[in-house]
Number of protein chains: 2
Amino acid sequence: MLITELFNIKYPVVQGGMIWCSGHKLASAVSNNGGLGLIGSGSMHPETLEEHIIKCKDETTNPFGVNVPLLYPEMDRIIDIIIKHGVKIVFTSAGNPALWTAKLKKHGIKVVHVVSNVKFALKAQEAGVDAVVAEGFEAGGHNGKEETTTLCLVPEVVRAVKIPVIAAGGVGSGAAMLACLSMGAQGVQVGSLFAATEESSAHVNFKQMIINAREGDTQLSLKKHIPVRLLKNEFYQQVKALEEEGGSAEELAELLGKGRAKKGMFEGDIANGELEIGQVSSQIKEIKTVEQVMQELITGYNRALTRIQLLDHYR
Amino acid sequence: MLITELFNIKYPVVQGGMIWCSGHKLASAVSNNGGLGLIGSGSMHPETLEEHIIKCKDETTNPFGVNVPLLYPEMDRIIDIIIKHGVKIVFTSAGNPALWTAKLKKHGIKVVHVVSNVKFALKAQEAGVDAVVAEGFEAGGHNGKEETTTLCLVPEVVRAVKIPVIAAGGVGSGAAMLACLSMGAQGVQVGSLFAATEESSAHVNFKQMIINAREGDTQLSLKKHIPVRLLKNEFYQQVKALEEEGGSAEELAELLGKGRAKKGMFEGDIANGELEIGQVSSQIKEIKTVEQVMQELITGYNRALTRIQLLDHYR
């Protein structure tokens, strides 16, 4: 089932519910442009999330959802707010999908879980989710230990599960979106492109860092702690130095400390903050509107598809 | 220009010229089945290469080529042998494409250079090569420092150069091949699938390790020395331990020593050898013939393409 049917949206494009980037402005803009907008609750207190949901409902009559990292505190309150305000779609990540899926589905909510390997895709399917996001190594932010890339992960997950698969990680253009659908994905989740839009709530300094990023300017880091893809700023250099001299998981966690992602992505301290973004950042050259990004994805997809031809039958 | 025209082959599939796997048997089988077979000279003395070229010409009347890592000793002799025996296609990797491209082209040889970033793609184009292979992070063997995945690398290289781009790394099925052509590649280079074929000269123990590989069973390693994607065997565990305690480039080079790739991939010492293979190894479940692999790639590509549809025009 194409995710356009599952979510009742026009285009098979989900905007990733990224911390510090995905408030009601971004989510409603994506939904108003035919995609599925997600509010990223991972960087919100419950009352902040409630405010964003209310504003998002004001700003769009189209379906939107909320991304919920299942390891965060106050899960009960977050889930209650989502149910209370009639949100119809929830994307869960991290944590165990078996914990909340049944409750959400009992309230008529579509549930999608984000995975980085086949094992967890099967676990999520068993927990009753409606779809999975298969997110590859090139994605920004937290990432799988196996380091499986989108091109390797998506065909394996598609083969393993019966539910729709949404590809994530590395979707920087309509051509890459077509690549993901070629592998059997029923849609794509796009993060970095939307993090750098006008409607993103990221600090303009962070958006400018994304614009300036070139090849090789992100790196999967903190692997002994929790793997996360970071933009190479001064903070990253400290992480790298500690990793190269054999720093332990504890030392890395201590260096990271608390609040670094907010400091970098929301407050704009680009030297000392934690800047989470995907490898496709090197393809982003300017701050665009959500409408432009959506239009380029769809027209780019169609243009790429018209170039592709069948091969001669084998023998 | 599709690489089928460039090389005068039926299908846009190149078999990677892998060390210890790609002798005359593998190369001629791929060429006889409509792809482009490459003899991997990286693991051959010049006289061995000469023998393989002569046998390959006996075994196929279709075009085939030789892969030459430009950093190896005795480059003069290798190039002379290639010219002497009328080989018409050379894939170069590592090293500087400016050194040999002009000489090869003067003898009517098509030259393709393997790159892992845009910078070297442009350098190769400037050196006059006919095409580039853009090889992503998921590929087996030696790999780029930027860790750019195929899904992120190919669109960038396609945008940057005017010559045809051949995508490599992560091509484990016809669907993944379609994904690469979706991104504007004019063909694919396939390594791991062919390393595990009957016609591959790899030791059967190594082929069996490929068959047994599961998700996350390969890892880009030796990054302080020369990055290489390895299968996780006992030798890899030693590398990992040394890396985690902050071992230096020199210590890693010493642990690697000499002849480990031959020991593992050709002699079958799967514990102590260096086993180079791509992430797609987890998708390989049995030893097949080259004919089967080629047939599955082409029919899988066509089947995947028939599932894909245009999206509604944007607005």
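Because the structure is predicted, anything quoted here is derived from the model rather than measured. (Residues numbered from 1 in each chain as written. Chains lettered and ligands numbered in written order. Predicted model: local features only at pLDDT ≥ 70, side-chain atom pairs only at ≥ 80, totals over all residues.)

**Some thoughts on the overall build of chain A**
- Regarding its fold elements, chain A presents 14 helices and 11 strands.
- By the compact-globule yardstick of 20 Å for 315 residues, chain A fits well, its C-alpha radius of gyration being 19 Å.
- Viewed in the frame of its principal axes, chain A has a C-alpha envelope of about 55 × 55 × 35 Å.
- With 315 residues in all, chain A has 58% of them scored as buried.
- Taking as baseline every contact in chain A between residues at least 6 positions apart, the subset at least 24 positions apart corresponds to 64%. (Helix = DSSP H or I, 4+ residues; strand = E, 2+ residues; numbered from the N terminus. Rg over C-alpha atoms; globule rule 2.2 N^0.38 Å. Buried ≥ 20, exposed ≤ 12 C-beta atoms within 10 Å, placed from the backbone. Contact = placed C-beta atoms within 7 Å.)

**Points about the interface of chain A and chain B**
- Taken together, the contact between chain A and chain B spans 48 residues of the former and 48 residues of the latter.
- Breaking the side of chain A that touches chain B down by element, the ones donating at least two residues are α7 (150-160), α8 (174-182) and α14 (290-307) of chain A.
- With seven residues, α14(A) is the single largest residue contributor to the side of chain A that touches chain B.

**With respect to the sheet that holds strand β10 (residues 218-221) of chain A**
Residues and elements named next belong to chain A.
- Strand order in the open sheet formed by three strands is β7-β11-β10, and the pairing between neighbours is antiparallel. The open sheet has two free edges, formed respectively by β7 (141-142) and β10, since each of these has just one partner strand.
- Sheet analysis places β10 next to strand β11 (residues 228-231), joined by four bridges and oriented antiparallel. Each residue of the ladder has a partner; that of Thr218, found in β11, is Leu231. (Pairing = 2+ DSSP bridges.)

**What to know about the sheet that holds strand β6 (residues 131-135) of chain A**
All names here are of chain A.
- The sheet built from eight strands is open, its strands ordered β1-β9-β8-β6-β5-β4-β3-β2 with parallel pairing. Edge positions in the sheet fall to β1 (13-15) and β2 (37-40), since each has one partner strand and no second. If you compare each strand with its neighbour and ignore which way they point, the axes differ by 25 degrees on average.
- Taken strand by strand, helix α6 (residues 118-126) contacts β5 (110-115) and β6, and its axis lies near 165 degrees from that of β5.
- In the packing of α7 onto the sheet, contacts are made with β6 and β8 (165-168), and the angle to β8 comes to roughly 175 degrees. (Axes fitted to C-alpha atoms, helices over the stretch in contact; angles between N-to-C directions.)

**Quick look at the domain arrangement of chain A**
All names here are of chain A.
- Under the domain assignment, chain A is made up of domain 1 (3-201 + 288-307) and domain 2 (204-280).
- Just the C-alpha atoms count here: the centres of domain 1 and domain 2 sit 23 Å apart.
- At the level of secondary structure, the elements contributing two or more residues to the side of domain 1 that touches domain 2 comprise β7 and α9 (192-195).
- No other element matches the three residues that α9 contributes to the side of domain 1 that touches domain 2.
- Partitioned by chemical class, the residues of the side of domain 1 that touches domain 2 number nine nonpolar, 11 polar and three charged. (Domains from an automatic or database assignment. Nonpolar A, V, L, I, M, F, W, Y, C, P; charged D, E, K, R; others polar.)

**A few points about the packing of helix α8 (residues 174-182) of chain B against helix α14 (residues 290-307) of chain B**
Residue and element names in this part refer to chain B.
- Axis separation between α8 and α14 bottoms out at 7 Å; the angle between their running directions is 65 degrees. Here the hand of the crossing between α8 and α14 comes out right-handed. Facing Gly174, Ala175, Met177 and Leu178 of α8, the residues of α14 in contact are Glu296, Leu297, Ile298, Thr299, Gly300, Tyr301, Arg303, Ala304 and Leu305.
- Of the residues assigned to the contact of α8 with α14, the class counts are eight nonpolar, three polar and two charged. (Left-handed = near helix turned anticlockwise from the far one by under 90°.)

**Focus on the pairing of strand β5 (residues 110-115) of chain B**
Residue and element names in this part refer to chain B.
- Here β5 lies mainly inside the structure; six of its six residues are buried.
- The alternating pattern of β5 places Lys110, Val112 and Val114 and Val111, His113 and Val115 on opposite faces, both of which are buried.
- As paired elements, strand β4 (residues 89-93) and β5 share four bridges and run parallel to each other. Within β5, the residue paired with Thr92 across the bridge is His113.
- Assessed by its sense of winding, the connection that carries the chain from β4 through helix α5 (residues 101-106) to β5 is right-handed.
- Across four bridges, the pairing between β5 and strand β6 (residues 131-135) is parallel. Across the sheet, Val115 pairs through a bridge with Ala134, a residue of β6.
- Each parallel crossover has a hand, and for β5 linked through helix α6 (residues 118-126) to β6 it is right-handed. (Right-handed = clockwise from strand over helix to strand, strands pointing away.)

**Observations concerning helix α10 (residues 204-212) of chain B**
- Burial in α10(B) covers these residues: Phe206(B), Lys207(B), Met209(B) and Ile210(B). Seen end-on, α10(B) carries its buried residues on one side only, within an arc spanning 155 degrees. (Arc of directions from axis to C-beta.)

**Side note on the environment of Glu51(B)**
- The topology assignment puts Glu51(B) in helix α3 (residues 46-59).
- A sequence separation of 27 residues divides Glu51(B) from His24(B), and the C-alpha atoms of the two residues are 8.7 Å apart.

**Examining the relation of the copies chain A and chain B**
- Once chain A is rotated about the relating axis by 180 degrees and shifted along it by 0.0 Å, it coincides with chain B to within an RMSD of 0.0 Å. Within this description, the copies of the chain are treated as partners about a two-fold rotation axis.
- With an isologous cut-off of 70% or more, the 100% of interface residues of chain A that recur at the interface of chain B puts this contact in the isologous class. (Least-squares fit on C-alpha atoms with pLDDT ≥ 70 in both.)

**A closer look at the nonpolar core**
- If you look at the biggest cluster of nonpolar residues, it comprises 196 residues, and the most contacted ones within it are Val132(A) and Val132(B).
- With near-sequence residues (within four places) excluded, Val132(A) lies in contact with Val112(A), His113(A), Val115(A), Ala121(A), Ala124(A), Val157(A), Val161(A), Ile163(A) and Val165(A). (Core = buried A, V, L, I, M, F, W, Y, C linked by C-beta atoms within 7 Å.)

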